[in-house]
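Here is what each chain is made of, one letter per residue.
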There are 2 protein chains.
Amino acid sequence: MSKQIITISREFGSGGRSVGKRVAELLDVPYYDKKLVEQVAVETGFDEKFIEQEGEYASPWQSLMSYAFPGGARLRHPVNSGLSTADFLWVIQCRVILDLAEKGPCVIVGRCADYILRDREDVLNVFIHAPIPYRADRVVRLYGESDLSPEKRLEEKDKRRRAYYKHYANRDWGMSQNYHLSLDSSLVGVERCAQLILDVARNPGQ
Amino acid sequence: MSKQIITISREFGSGGRSVGKRVAELLDVPYYDKKLVEQVAVETGFDEKFIEQEGEYASPWQSLMSYAFPGGARLRHPVNSGLSTADFLWVIQCRVILDLAEKGPCVIVGRCADYILRDREDVLNVFIHAPIPYRADRVVRLYGESDLSPEKRLEEKDKRRRAYYKHYANRDWGMSQNYHLSLDSSLVGVERCAQLILDVARNPGQ
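(A) Structural view of the interface of chain B and chain A. On the side of chain A, 32 residues touch chain B, which itself brings 32 residues to the contact. Carbon and sulfur atoms make up 52% of the area that chain B and chain A hide from each other, which totals about 2400 Å². There are two salt bridges connecting chain B and chain A. Its salt-bridge partner being Arg-192 of chain B, residue Asp-199 of chain A comes within 3.1 Å of it at the nearest N-O pair. Counting across the interface, chain B meets chain A through 19 residue pairs in polar contact (both at pLDDT 80 or more). Elements represented by at least two residues in the side of chain B that touches chain A include exactly β4 (123–129), β5 (181–184), α10 (185–188) and α11 (190–202) of chain B. Bridging between strand β5 (residues 181–184) of chain A and β5 of chain B involves three bridges; their strand directions are antiparallel. What sits directly across from Leu-181 of chain A, in β5 of chain B, is Leu-183 of chain B.

(B) Layout of the side chain of Ser-185 of chain A. Residue and element names in this part refer to chain A. By the element assignment, Ser-185 lies in helix α10 (residues 185–188). Its relative accessible area of 0% is what places Ser-185 among the buried residues. Among the polar contacts made by the side chain of Ser-185, one reaches the main-chain carbonyl oxygen of Ser-14 at a distance of 2.5 Å.

(C) Just the pattern of salt bridges, in detail. Residues and elements named next belong to chain A. Per the counting criterion, the structure on display carries 24 salt bridges over all chains. For Glu-25, the salt bridge is made with Arg-22, and the minimal N-O distance between the two is 2.3 Å. Taken together, the residues span about one helical turn, with Glu-25 and Arg-22 both in helix α1 (residues 16–27) at a distance of three residues. Residue classification places Glu-25 among the exposed residues on the basis of a relative accessible area of 55%. Classification of Arg-22 by relative accessible area gives partly exposed; the value is 24%. Here the salt bridges do not stand alone but share partners, grouping Glu-11, Arg-135 and Asp-158 into one network.

(D) Fine view of the confidence of the model for chain A. All names here are of chain A. Mean pLDDT over chain A: 85, with 85% of residues reaching 70 or higher. Taken as a whole, residues 59–76 scores under 50 in pLDDT and shows 25 contacts with residues more than four places along the chain or in a different chain. Model confidence for the complex is summarised by a pTM of 0.86, with the ipTM given as 0.85.

(E) Region of the structure containing the relation of the copies chain B and chain A. With an RMSD of 0.0 Å, chain B superimposes on chain A once it is rotated by 180° and translated 0.0 Å along the axis. Each copy turns onto its partner about a two-fold axis. A shared binding surface is used by both copies, with 100% of the interface residues of chain B retained as interface residues in chain A.

(F) Structural context of unusual backbone geometry. Residues and elements named next belong to chain B. Although it is not a glycine, Asp-28 sits at a positive phi angle of roughly 55°. Residue position: Asp-28 is located in the loop between α1 (16–27) and β2 (31–32). For Asp-28, a relative accessible area of 71% translates into the label exposed.

(G) Molecular detail of α11 of chain B. With 13 residues, α11 of chain B should reach 18 Å at 1.5 Å per residue; the first-to-last C-alpha distance of 18 Å fits that figure. Residues of α11 of chain B that are buried: Arg-192, Cys-193, Ala-194, Leu-196, Ile-197, Leu-198, Val-200 and Ala-201 of chain B.

Definitions and cut-offs
Residues numbered from 1 in each chain as written. Chains lettered and ligands numbered in written order. Predicted model: local features only at pLDDT ≥ 70, side-chain atom pairs only at ≥ 80, totals over all residues. Heavy atoms only, no water. Contact = heavy atoms within 4.5 Å. Buried area = accessible area lost by both parts, 1.4 Å probe. Salt bridge = Lys/Arg side-chain N within 4 Å of Asp/Glu carboxyl O. Polar contact = N/O pair within 3.5 Å; in protein donor to acceptor, adjacent residues only side chain to side chain. Helix = DSSP H or I, 4+ residues; strand = E, 2+ residues; numbered from the N terminus. Pairing = 2+ DSSP bridges. Buried < 20%, exposed > 50% of the residue type's maximum accessible area, 1.4 Å probe, protein only. pLDDT = per-residue confidence, 0-100. Least-squares fit on C-alpha atoms with pLDDT ≥ 70 in both. Expected span 1.5 Å × (residues − 1).

Written out as structure tokens, the structure reads:
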């Protein structure tokens, strides 16, 4: 069975988004990352920026905090079911991703899509990573300098992604067995990553 | 810099050895797994079967036991430096693998070669894995039935490999970041795994 849905998980600065965009272009299918966020935002009435922050970078600590201090955000839930803000967003995000996969072939970057779509057989899960010096250099080149050193920025972002994945998927982020392909983009290169994904998606199996 | 040395780590029954053999054949370079064991056996004077068992499947528990009850095996060490049998074998194994890499291009399957050669820049590290049903079927087909169910055999072997790697490399076995390529052989197939490894080894980078 060919793989219609490609999910791409990635270390910060590894070029996973570029790989995802290129795959979507080659397959001529929709590409979702921020678009997905926008869609969630529309459904929930939350501020888009807020969702982007909570949806991917929320740590279990933040989640815990939002349990302790549900504050104003909870009041804005269209359906207040007693969930924390982070958990509420997770539920919405799951629904959006399941709906997108149902609609047809696409590429989804981040958002635990590999886990959310685990029961489908037409999904190819990819993890893109790279050594720290390569990513640090790339982050500065693409996003510019900031108060934090690039290494510290990588560490912070990866730590949050790992914690988020562990919290909601109860899996270890980056463990090979969770993905069909895990590729070091510094060695494989964006174009070759994309071509390989395309080839395996179209012709899976021996 | 092209990659001269290919290390292949693998889940039991995933076909990692077949991939390694095919890569060695395509590159026309030596392939080591049992050969490596034989070489260690020659150097230490240990029985080959015993080394195969201790060298890859020793758990930290076994290692601990051999500290507690060094017994007869220690008497057979050509150099008795107070190391446990497992640790002694580890030291010899490291030396053999470092020597092999120094000699020239080759493919090394298992034996923590990725970790042992971590300071070399001409090494491509690969992890081959596959879902349990695929591996269970393959194990029965290749090695026949045994008293244990194939699933139990996979679990046992993988558990020992994981513990051994954790004990000696202090790393999580199968974590994507330790390898340049992690491939699900049930989806990518032995031949495509080999061709990809060949391509990346010859032309690493963007």
